[in-house]
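So you can see what is in the structure, the chains are spelled out below.
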Amino acid sequence: MFKRLDDTGATLAFTVDGKPVRACAGDTVASALLAAGIGHCRTTPVSGAPRAPYCLMGACFDCLVTIDGVGNRQGCLVPVREGMKVETQEGKREVGR
Amino acid sequence: MAGKEFDVAVVGGGLVGAATSWGLAREGLRVALLDEGDRAVRASRGNFALVWVQSKGLGLAPYANWSVRSSNAWRSFADLLKQETGVDVSFQRPGGLHLALSERELEARVDYLKRLHAQPGIVEYQTEILDHDEVAKIEPDIGPEVVGASYCPLDGHVNSLRLFRTLHAAINARGVTYLPSHRVENIMREGGEFRLMTTQGEVRAGRIALAAGNANMQLAPMVGLEAPMKPERGQVFVTERVRPFLHHPMNGARQTDEGTVMIGDSKEEGTDPAELKIGISATTAERAIRRFPLLANVNVVRAWSAIRVMTKDGFPIYDESETHPGAFVLCCHSGVTLAANHALTVAPMIARGALDKALVGPFSARRFHVQEAG
């Protein structure tokens, strides 16, 4: 759905739920998920409705994902790093991750 | 509002006033509930939501008995509220834990409970001291520093914001006249009825019940009553929603039905509800993490301070005026724990026109005179 305006930059490899995904250097996790066409990154703790990155500026908290084992991180505020492990979330976060 | 007549005017729209109004309406009385506006300092919106028994009543055994009575009445109180409003206030009574982080804290706990239960006249109820392993069996995520806990099966908790909203829905459904922004400035008794002068005119009623929390201190003397109060500040913070991992309400920590974890048990002097002391939050957080190390990387989403309604000796006050018959005062710290008693026991007494001395006689404010004279 989303198309990059400029895809000539260096690429990074990371994983989403264990599957390899490519990102451009400088992508946030949220924008990399959108660019990779991943439909939703979590379901809500209350109704279980699917959510995807929305505001991309730290305000809406819809892009919450587990990054390198830490739950409920705001994907739009974290730049992708080589080898990063991103996991989508179902409902409430589990303490300890 | 002038000339409009009510059987009872309840002053104060927090948990105590709302529970009492609901109970009075259930008795068939025409009730007016006079409240302040949205900016009122309201303990009912800042409390910790415990229905708590195990630490109540050292120094006044009837307070322990009163707390046990309310805890035991809470299930049917919650069921009645659900019947009338369709809302479940999530009352749960899995028993509560008071965790100790050192042998000294545990010994203090043992000593406290021993003295509490040795008092003449106290009802028998179960409390037990658990060691680390016994606590770990029922709360597997405790940290290694938890040396033990006291456990009482009568302790529970509730969703207290939902309780507050539900009580207001219930009184509305029962035809109670709710009058917000009617701060009471003066009360007179004239021609067999009470005239309450408010910021929005006068309200008249045959009886009055003062349930205005710490403000009862100013209101009670207007009708020959007294309510010596000593307000206290507390700070609370709340985490993001996480999957259920705490199974019991505890002193200073509980996981709500919605998944958030509430943390906080500070007691401070001061009456500024807007002030947040970061040092106190830091100490509270540090202790919470020692109890439950998994909390270390959970995000805090909100923090607040609130003013505890507290009588001078910490015990409730229920009294009726000798000089102004028909005037009652209700003061207590535990508006959540005692909500069932206020709705189902105290309100019917007020409806009958006299407090039942056998049940609430020990809570008369006359006790303060004995202490001052002694």
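Now for a quick tour of the structure.

Description of the overall build of chain B
Along its length, chain B carries ten helices and 17 strands. Taking 2.2 N^0.38 as the reference for a compact globule, 374 residues should give roughly 21 Å; the C-alpha atoms of chain B span a radius of gyration of 21 Å, in line with that estimate. Structurally, chain B occupies a C-alpha span of about 65 × 45 × 40 Å along its principal axes. In chain B, which comprises 374 residues, the proportion classed as buried is 55%. A fraction of 74% describes how many contacts in chain B between residues 6 or more apart in sequence connect residues 24 or more apart. A total accessible area of about 15,600 Å² is found for chain B, and carbon and sulfur atoms account for 50% of it. For chain B, the centre of its 41 positive side-chain charges and the centre of its 43 negative side-chain charges are spaced 3 Å apart.

Here we look at the overall build of chain A
Counting secondary structure elements, chain A contains one helix and seven strands. Ordered by position from N to C terminus, the α and β elements of chain A give β-β-α-β-β-β-β-β. Taking the principal axes of its C-alpha atoms as reference, chain A extends roughly 40 × 25 × 20 Å. By the burial criterion, 38% of the 97 residues in chain A qualify as buried. Sequence separation of 24 or more characterises 40% of the internal contacts of chain A that already satisfy a separation of 6 or more. Positive and negative charge centroids in chain A, built from 12 and 10 side chains respectively, lie 3 Å apart.

Digging into the sheet that holds strand β13 (residues 253-255) of chain B
All names here are of chain B. Overall, antiparallel pairing links the four strands, which are arranged β13-β14-β12-β15 in an open sheet. Whereas interior strands pair on both sides, the edge strands pair on one side only; in this sheet they are β13 and β15 (300-308). The sheet shows a mean angle of 20 degrees between the axes of neighbouring strands, direction not considered. Relative to β15, strand β12 (residues 232-239) runs antiparallel, the two being bridged by eight bridges. Of the residues in β15, the one forming a bridge with Val-236 is Trp-304.

Some points on the interface of chain B and chain A
Taken together, the contact between chain B and chain A spans eleven residues of the former and ten residues of the latter. If you sort the residues of chain B by the area they bury against chain A, B:Arg241, B:Arg243 and B:Asn297 come out on top, with a joint share of 54%. Remark: the boundary between chain B and chain A carries two salt bridges. B:Arg243 is paired through a salt bridge with A:Glu94; the nearest N and O atoms lie 3.2 Å apart. Our count for the chain B to chain A interface comes out at seven residue pairs in polar contact (both at pLDDT 80 or more). When grouped by side-chain class, the residues that make up the side of chain B that touches chain A number four nonpolar, three polar and four charged.

Brief notes about the packing of aromatic side chains
All names here are of chain B. Overall, the coordinates contain eight aromatic pairs over all chains when judged by the stated rule. Ring centres of Trp-74 and Phe-91 lie 5.1 Å apart, and the angle between their planes is 25 degrees; this geometry places the pair in the stacked category. Highlighted residues: Trp-74 in helix α2 (residues 61-85) and Phe-91 in the loop between α2 and β4 (96-100), separated in sequence by 17 residues. As far as burial versus exposure is concerned, Trp-74 and Phe-91 are alike and both buried. The interplanar angle of 80 degrees and the centroid separation of 5.7 Å between the aromatic rings of Tyr-318 and Phe-363 together place this pair among those described as edge-to-face. Placement of Tyr-318 in strand β16 (residues 317-320) and of Phe-363 in the loop between α9 (357-360) and α10 (367-373) is noted, with a sequence separation of 45 residues between them. Of the aromatic side chains, those joined through ring pairs into one cluster are Trp-22, Trp-74, Phe-77 and Phe-91. Above the face of the Trp-22 ring, Arg-26 is positioned so that its terminal group lies 4.9 Å from the ring centre. A cation sits over an aromatic face here: Arg-189 above Phe-194, 5.3 Å from the ring centre.

Some points on helix α3 (residues 103-117) of chain B
For α3(B), spanning 15 residues, the distance from its first C-alpha to its last is 21 Å, which sits close to the expected 21 Å at 1.5 Å a residue. Buried residues along α3(B) sit against β4, β5 (128-131) and β6 (148-152) of chain B.

Brief notes about the packing of helix α1 (residues 15-26) of chain B against helix α8 (residues 339-352) of chain B
Residue and element names in this part refer to chain B. Running from amino to carboxyl end, α1 crosses α8 at an angle of 50 degrees, the nearest separation of the two axes being 7 Å. Taken as axis vectors, α1 and α8 run oblique relative to one another. Between α1 and α8 the crossing geometry is right-handed. For the pair formed by α1 and α8, the contact residues are Val-16, Ala-19, Thr-20, Trp-22, Gly-23, Leu-24 and Arg-26 on the first element and Ala-339, His-342, Ala-343, Leu-344, Ala-347, Ile-350 and Ala-351 on the second. In the contact of α1 with α8, the residues fall into ten nonpolar, three polar and one charged.

Some remarks on the pairing of strand β9 (residues 184-190) of chain B
The pairing of β9(B) with strand β10 (residues 193-198) of chain B spans six bridges and is classified as antiparallel. By the bridge assignment, B:Glu190 is partnered in β10(B) with B:Glu193.

Concerning the packing of α2(B) against helix α5 (residues 160-173) of chain B
Two quantities define a packed helix pair, namely the angle between the helix axes and the distance between the axes. Residue and element names in this part refer to chain B. Remark: α2 packs on α5, axes separated minimally by 10 Å, with the N-to-C direction vectors making an angle of 55 degrees. Here α2 lies oblique to α5, going by the angle between them. As for how α2 packs across α5, the hand of that crossing is left-handed. Facing Trp-74, Phe-77, Leu-81, Glu-84 and Thr-85 of α2, the residues of α5 in contact are Leu-163, Thr-166, Leu-167, Ala-169 and Ala-170. Grouping the constituent residues of the contact of α2 with α5 by class yields seven nonpolar, two polar and one charged.

Here's the deal with the environment of B:Gly335
All names here are of chain B. On the secondary structure map, Gly-335 appears in the loop between β17 (327-331) and α8. Taking C-alpha positions, Gly-335 is 30 Å from Arg-290, a pair spaced 45 residues apart along the chain. With residues near it in sequence (within four places) discarded, Gly-335 still touches Leu-15 and Val-16.

The rules behind the values
Residues numbered from 1 in each chain as written. Chains lettered and ligands numbered in written order. Predicted model: local features only at pLDDT ≥ 70, side-chain atom pairs only at ≥ 80, totals over all residues. Heavy atoms only, no water. Helix = DSSP H or I, 4+ residues; strand = E, 2+ residues; numbered from the N terminus. Rg over C-alpha atoms; globule rule 2.2 N^0.38 Å. Buried < 20%, exposed > 50% of the residue type's maximum accessible area, 1.4 Å probe, protein only. Contact = heavy atoms within 4.5 Å. Areas by Shrake-Rupley, 256 points an atom, 1.4 Å probe, with all protein chains shown as cover. Lys, Arg positive; Asp, Glu negative; His and termini not counted. Charge placed at Lys NZ, Arg CZ, Asp CG, Glu CD. Pairing = 2+ DSSP bridges. Axes fitted to C-alpha atoms, helices over the stretch in contact; angles between N-to-C directions. Buried area = accessible area lost by both parts, 1.4 Å probe. Salt bridge = Lys/Arg side-chain N within 4 Å of Asp/Glu carboxyl O. Polar contact = N/O pair within 3.5 Å; in protein donor to acceptor, adjacent residues only side chain to side chain. Nonpolar A, V, L, I, M, F, W, Y, C, P; charged D, E, K, R; others polar. Phe/Tyr/Trp six-rings, centres within 6.5 Å; stacked < 30°, edge-to-face > 60°. Lys NZ or Arg CZ within 6 Å of the ring centre and 35° of its normal. Expected span 1.5 Å × (residues − 1). Parallel < 35°, antiparallel > 145°, perpendicular 65-115°, else oblique. Left-handed = near helix turned anticlockwise from the far one by under 90°.

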